[in-house]
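# Structural overview
Residues per chain are reported as follows:
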Amino acid sequence: MDGGLRGHWHEFSIGNNELNHCYIISDSTVNTNKYTLGGIYKIKNANLSEVAKPMYYKGEDLYETIYTKDTIQFNDSIIWVKQKNDIETFVCDFSAGLKLNIAPFETNSINFDLEEKDINMVLYVGKVKKHFLEESESVYSIQLNDKLAPIDKVLEFLLCIHCDNKSMNIAIKMDKNTPVSFIKKLENEIIGEGIFRRNQIYYLVINPKKKIHGYNNYY
């Protein structure tokens, strides 16, 4: 692999400072939106064309690129910016690929109630990115899969005829500045019909000093 590609990249639309995606590239893997939508694919002896092909291929040719030490520009529409391995990058990654900005609740703990592998359903809650404000009824919103939705659509989203709803773990990846009134209304929507219990709800929390994350029953 081209050594200059190794590292942590954030993708932006040119002229827009809102994060589209993040790519963490090593010798053997490319990790896309690690802390949000997630996805890993393996590569071997890759160059720029092979790494970017799933995202920015046009027919048989890669979009025209301008490649510097810390940036890669694809035509006049997309730019990747290399990131430092710091707390700002760590927090920012939780908003990658979303229509929301999410700076998670913080903790000093290194132990959590739930791990990523034990999640059954995910809700994203945060401040709507400026580019998507026209899709939302309020500044703070919920994202269900790739759609912004009001609170009264959440229970319908969570219900699954093939699932044991009583044993489901619901992870809420929420911005720490979300109004308490919004949080309480959301919780009431989830548990109000008696299908789900409060102890099935887990909130994303991070330890910024250790740069680790997990899920707790409290926020």
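Anything mentioned here points back to the structure above.
Residues numbered from 1 in each chain as written. Predicted model: local features only at pLDDT ≥ 70, side-chain atom pairs only at ≥ 80, totals over all residues. Heavy atoms only, no water.

## Re the sheet that holds strand β3 (residues 29–32)
Heads up, the condition is: Following DSSP output, two strands are said to pair if at least two bridges run between them. Put simply, DSSP marks the helices as runs of H or I at least four residues long and the strands as runs of E at least two long, and each gets a number from the N terminus on. Axis lines are fitted through C-alpha atoms, for helices just across the contact stretch, and the angle between N-to-C directions can take any value from 0 to 180 degrees.
Strands sit in the order β4-β3-β2-β1-β9-β8-β7 across an open sheet of 7 strands; the sheet is antiparallel. In the strand order of this sheet, the two ends are held by β4 (40–42) and β7 (65–67), each with one partner. Adjacent strand axes in the sheet meet at a mean angle of 20° when their direction is disregarded. The pairing of strand β2 (residues 19–25) with β3 spans 3 bridges and is classified as antiparallel. Residue pairing across strands places Ile25 opposite Val30, the latter belonging to β3.

## Topic: the pattern of salt bridges
Quick reminder of the rule: Any carboxyl oxygen of Asp or Glu within 4 Å of a side-chain nitrogen of Lys or Arg constitutes a salt bridge here.
Scanning the entire structure with this criterion turns up 6 salt bridges. Note that Arg6 and Asp27 form a salt bridge whose closest N and O atoms lie 2.4 Å from each other. Within this pair, whereas Arg6 is found in the segment before β1 (7–13), its partner Asp27 is found in the loop between β2 and β3, the two being separated by 21 residues in sequence. We note a salt bridge from Lys99 to Glu135, for which the minimum N-O separation is 2.8 Å. With Lys99 in the loop between α2 (87–92) and β10 (100–101) and Glu135 in the loop between β12 (121–128) and β13 (140–144), this pair connects stretches of sequence that are 36 residues apart.

## Looking at the packing of aromatic side chains
Which entries qualify depends on this criterion: For Phe, Tyr and Trp, where Trp contributes only its six-membered ring, two rings pair if their centres lie within 6.5 Å, and the inter-plane angle classes them as stacked under 30 degrees, edge-to-face over 60, or tilted in between. Exposure is judged per residue with a 1.4 Å probe applied to protein chains only, and the accessible area is read against the type maximum: over 50% gives exposed, under 20% gives buried, and values in between give partly exposed.
Evaluation of the coordinates by the stated rule reveals 9 aromatic pairs. Between the aromatic rings of Trp9 and Trp80, the centroid separation amounts to 6.2 Å while the plane-to-plane angle is 50°, which identifies the pairing as tilted. Residue Trp9 is found in strand β1, and its partner Trp80 is found in strand β9 (residues 78–82); the two are separated by 71 residues along the sequence. Across the pair, Trp80 and Trp9 agree in class, each one buried. Here the aromatic residues Trp9, Tyr23, Phe74 and Trp80 are joined through ring pairs into a cluster of three or more.

## A closer look at helix α4 (residues 180–191)
Where we set the bar: The span expected for a helix works out to 1.5 Å for each residue beyond the first. Directions from the helix axis toward the C-beta atoms define the arc. Note on definitions: a residue-residue contact is assigned when non-hydrogen atoms from the two residues lie within 4.5 Å.
The end-to-end C-alpha separation of α4 is 17 Å, in line with the 16 Å expected for 12 residues at 1.5 Å each. Among the residues of α4, those classed as buried are Phe182, Ile183, Leu186, Glu187 and Ile190. Projected onto a plane normal to the axis of α4, the buried residues spread over an arc of 130° and lie on a single side. Exposed residues lying more than 90 degrees from the buried face of α4 are Ser181 and Lys185. Structurally, α4 contributes buried residues whose contacts are with β11 (105–106), β12, β13, α3 (154–158), β15 (170–174) and β16 (201–207).

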